[in-house]
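Report on the structure
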Amino acid sequence: MSASSDEPFIIFGAPDIREAEIAEAEAVLRSGWIGTGPKVAKFERDFATRKGLDASNVAAVNSCTAALHVSMIAAGLGSGDEVITTAMTFCATANAIIHAGATPVLVDIDPGTLNIDTVQLEASISDRTRAIVPVHFAGRPCDMGAIMKIANRHGLAVIEDCAHAIETKWHGQTAGTFGDFGCFSFYVTKNVTTGEGGMVAARSRDAIDRIKVLALHGMSKDAWHRFGDAGYKHYQVVEAGFKYNMMDLQAALGIHQLQRLEENWQRRRQIWDSYQEALADLPVGRPAEPEPDTVHAFHLYTLRIDRSKAGMERDEFIERMTAAGIGLGVHYLSLAQHPHYQQRFGWRPENWPIAYEFGRQTVSLPLSPKLSEPDVNRIIRSVRRVIRG
Ligand SMILES: *Cc1c(COP(=O)(O)O)cnc(C)c1O
């Protein structure tokens, strides 16, 4: 198959940035105030409203990784504690646990939902387990009923990794509000982007107050308002914090991205449905349909390329699609495939066989709301041509 060099390359995860974002960012740049200020406060209010929360239950930060890290500290996790998470997630989930001083314990996934297997989850609880970090993979909700039951039975904190899941709901309740903390990502490829950015939603307002202090050097709360027109105030450092605050320049994008949350979700759902239908007859694995009484965020559309069925390895499929001008993603290799964790914890990928197999077969097609109908048709045609030969 030859590359169609006359057609532009379709970038995986292209952000949908429109004039409203550009105008707002320009206004921030001209305002003389680009750091943490009124736009961040507005973005927090708008986010809270979308999630049916009070603004005092959310805190904007500069990444989901930061959100996970400060949530774990606010949950009181530290040295000697075990935190259970899924073997199929981005490395940031595990790194945040490690940076909080705790030890990640992996649980394999359910082969259908690709989310943490709740039966194995309960079997992995030890007397050192303190928390569970479920990840709503690809935007599909975890079984939060089962997870919260387990957490309550064993007195464990729950920190939801909602990096894929801003629109996700489980039985009418919005993801990120089941546990003690919900952590969201506004990275470039995510459903809502601020370039880099994150948000913590917490059940406890005291936890949010502490997170705001932790996210800005550990300076007392007033420091957030230190440079306002109310005049200079001295700050006090009350703990050794981090530099995790979001800027107004970032929030300027987020405010307008949030306004198109529903519209962009609808568009991704259409694209997801088109892929499901148009690829149904190919010898490749497709995602399960969303479960009843749930809202899937349609963050990723993942195909499985099994050599014995498709006649090629996943990486060969990626090479040939790239040659056809289509950028793909891999979400993810299983955590235990990475050398650092193998050396540090003695993990072997075979110990989480379902995540391992998925990690070797999975590939994500573009799902940006920016894709045009001709783009989607071209992606479908290319997948069919690469697989059918
Ligand atoms: C993207 C992602 C993160 C990290 O988000 P950042 O905002 O880039 O720090 C964490 N967990 C999962 C599952 C992700 O996909």
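What follows covers the pattern of salt bridges. Pairing between side chains becomes possible if they bear opposite charge and their charged atoms approach one another. For the structure shown, the criterion picks out 25 salt bridges. When the shortest N-O distance is used, the salt bridge between Glu291 and Arg140 registers 3.2 Å. One end of the pair, Glu291, is in the loop between helix H9 (261-278) and strand E10 (294-295); the other, Arg140, is in the loop between strand E4 (129-133) and helix H6 (144-154), with 151 residues separating them in the sequence. Linked by salt bridges that have partners in common, Asp16, Arg18, Glu21, Arg260 and Glu263 make up one network.

This part takes up the packing of aromatic side chains. All chains considered together, the criterion is met by 15 aromatic pairs. Pairing Phe137 with Phe358 gives two aromatic rings, centres 5.8 Å apart and planes at 80 degrees, and the pair type is edge-to-face. With Phe137 in the loop between E4 and H6 and Phe358 in helix H13 (residues 353-361), this residue pair connects regions lying 221 residues apart in the sequence. For the residue pair Phe137 and Phe358, the accessibility class agrees, reading buried in each case. An angle of 75 degrees between the planes, with centres 6.0 Å apart, marks the rings of Trp170 and Phe178 as edge-to-face. Note on accessibility: Trp170 and Phe178 belong to one class, buried. Among the aromatic side chains, those forming a connected cluster through ring pairs are Trp265, Trp272, Tyr275, Phe298 and Tyr301. It is Arg360 that lies over the ring of Tyr356; its NZ or CZ is 4.0 Å from the centre.

Here we come to the sheet that holds strand E5 (residues 157-161). Taken together, the 7 strands give an open sheet; going across it, the order is E1-E9-E8-E5-E4-E2-E3, and neighbouring strands pair in mixed fashion. The outermost strands of the open sheet, each flanked by one partner alone, are strand E1 (58-61) and strand E3 (103-107). Pairs of neighbouring strands in the sheet enclose a mean axial angle of 25 degrees, with direction left out of account. Sheet topology note: the E5/strand E8 (residues 181-185) ladder contains 3 bridges and is parallel.

Right, let's get into the pairing of E5. Counting buried positions along E5 yields 5 of 5 residues, so the element is predominantly enclosed. Neither face of E5 is left uncovered, since the one carrying Ala157, Ile159 and Asp161 and the one carrying Val158 and Glu160 both have all their residues buried. Here 2 bridges tie E4 to E5, and the two strands are oriented parallel to one another. Within E5, the position partnered with Ala131 by the bridge is Ala157.

Among the 16 residues in the neighbourhood of the ligand, the closest are listed as Thr65, Asp161, His164, Ser185 and Lys190. Within the side chain of Asp161, an N or O atom sits 2.8 Å from a nitrogen atom of the ligand. Interatomic distance of 2.8 Å between a side-chain N/O atom of His164 and an oxygen atom of the ligand. In the complex, the protein chains occlude 94% of the 380 Å² of accessible area that the ligand would expose alone.

The next subject is the packing of helix H3 (residues 64-74) against helix H7 (residues 205-214). The geometry of H3 relative to H7 is characterised by a closest axis approach of 10 Å and an angle of 125 degrees between their N-to-C directions. Compared by their axis directions, H3 and H7 come out oblique. Read as a crossing pair, H3 and H7 show a hand that is right-handed. Taking contact as the criterion, the partners of Val70, Ser71, Ile73 and Ala74 in H3 are, on H7, Arg210, Ile211 and Leu214. Among the residues forming the contact of H3 with H7, the class breakdown is 5 nonpolar, 1 polar and 1 charged.

What the 3 strands build is an open sheet, ordered E7-E6-E10; its pairing is antiparallel. Each end of this open sheet is capped by a strand with a single partner; those strands are strand E7 (173-174) and E10. Both strand E6 (residues 169-170) and E7 contribute to a ladder of 2 bridges, which runs antiparallel. Along E7, the bridge assignment pairs Trp170 with Gln173.

To continue, consider the nonpolar core. The biggest cluster of nonpolar side chains holds 30 residues, and the ones touching the most others in it are Leu68, Met72, Val83, Val133, Ile159, Phe181 and Val200. Counting only elements with at least two residues in this core, the list comes to E1, H3, helix H4 (91-99), E4, E5, E8, strand E9 (198-202) and H7. For this core, the element with the highest residue contribution is H3, accounting for 7 residues. What Val200 contacts, discounting residues up to four positions off in sequence, is Asn57, Val58, Ala59, Ala67, Val70, Ser71, Phe181, Gly182, Ile208 and Ile211. By size, the runner-up hydrophobic cluster in this structure holds 28 residues, among which are Tyr275, Leu282, Tyr301 and Leu365.

The rules we used
Throughout this document, residue positions are counted from 1 along each chain, in the order its sequence is written. Under the rules for a predicted model, residues below a pLDDT of 70 receive no local features and side-chain atom pairs below 80 are neither given nor counted, while totals for whole chains, interfaces and linings still include all residues. The side-chain numbers reported here are obtained from all heavy atoms of the structure, hydrogens and water having been left aside. Should a side-chain nitrogen of Lys or Arg be within 4 Å of a carboxyl oxygen of Asp or Glu, the pair is scored as a salt bridge. A run of H or I in DSSP counts as a helix once it spans at least four residues, and a run of E counts as a strand once it spans at least two, with each numbered from the N terminus. The pairing test for Phe, Tyr and Trp rings, Trp by its six-membered ring, is centres within 6.5 Å, and the orientation test on the planes gives stacked under 30 degrees, edge-to-face over 60, and tilted for anything in between. The cut-offs for exposure are 20% and 50% of the maximum accessible area for each residue type, with area from a 1.4 Å probe on protein chains only; residues under the lower value are buried, those over the upper are exposed, and the others partly exposed. A positively charged side chain is recorded as over a ring if its NZ (Lys) or CZ (Arg) lies within 6 Å of the ring centre. The angle to the ring normal must also be within 35 degrees. Strand pairing follows a simple DSSP-based rule, namely that at least 2 bridges must link the two strands. To obtain an axis, a line is fitted to C-alpha atoms, over the contacting stretch when the element is a helix, and the angle between two such axes runs from 0 to 180 degrees between their N-to-C directions. Throughout, near means a residue has at least one heavy atom within 4 Å of the molecule or strand. Under this definition, polar contacts are N or O atom pairs within 3.5 Å; protein pairs additionally need one hydrogen-donor-capable and one acceptor-capable atom, and for neighbouring residues in sequence, both atoms have to be side-chain atoms. The accessible surface values rely on the Shrake-Rupley method and a 1.4 Å probe; as for residues, cover is taken only from the protein chains in view. Any angle that falls under 35 degrees is termed roughly parallel, while one over 145 is termed roughly antiparallel, one within 65 to 115 roughly perpendicular, and all others oblique. Crossings are classed by handedness, with left-handed meaning an anticlockwise turn of the near helix from the far one by less than a right angle and right-handed meaning a clockwise turn. Working rule for contacts: check all heavy atoms of both residues, and any pair within 4.5 Å makes them a contact. Residues are grouped as follows: nonpolar covers Ala, Val, Leu, Ile, Met, Phe, Trp, Tyr, Cys and Pro; charged covers Asp, Glu, Lys and Arg; every other residue, Gly included, is treated as polar. Among the buried residues, those of types Ala, Val, Leu, Ile, Met, Phe, Trp, Tyr and Cys that are joined through side-chain atoms within 4.5 Å form a nonpolar core.

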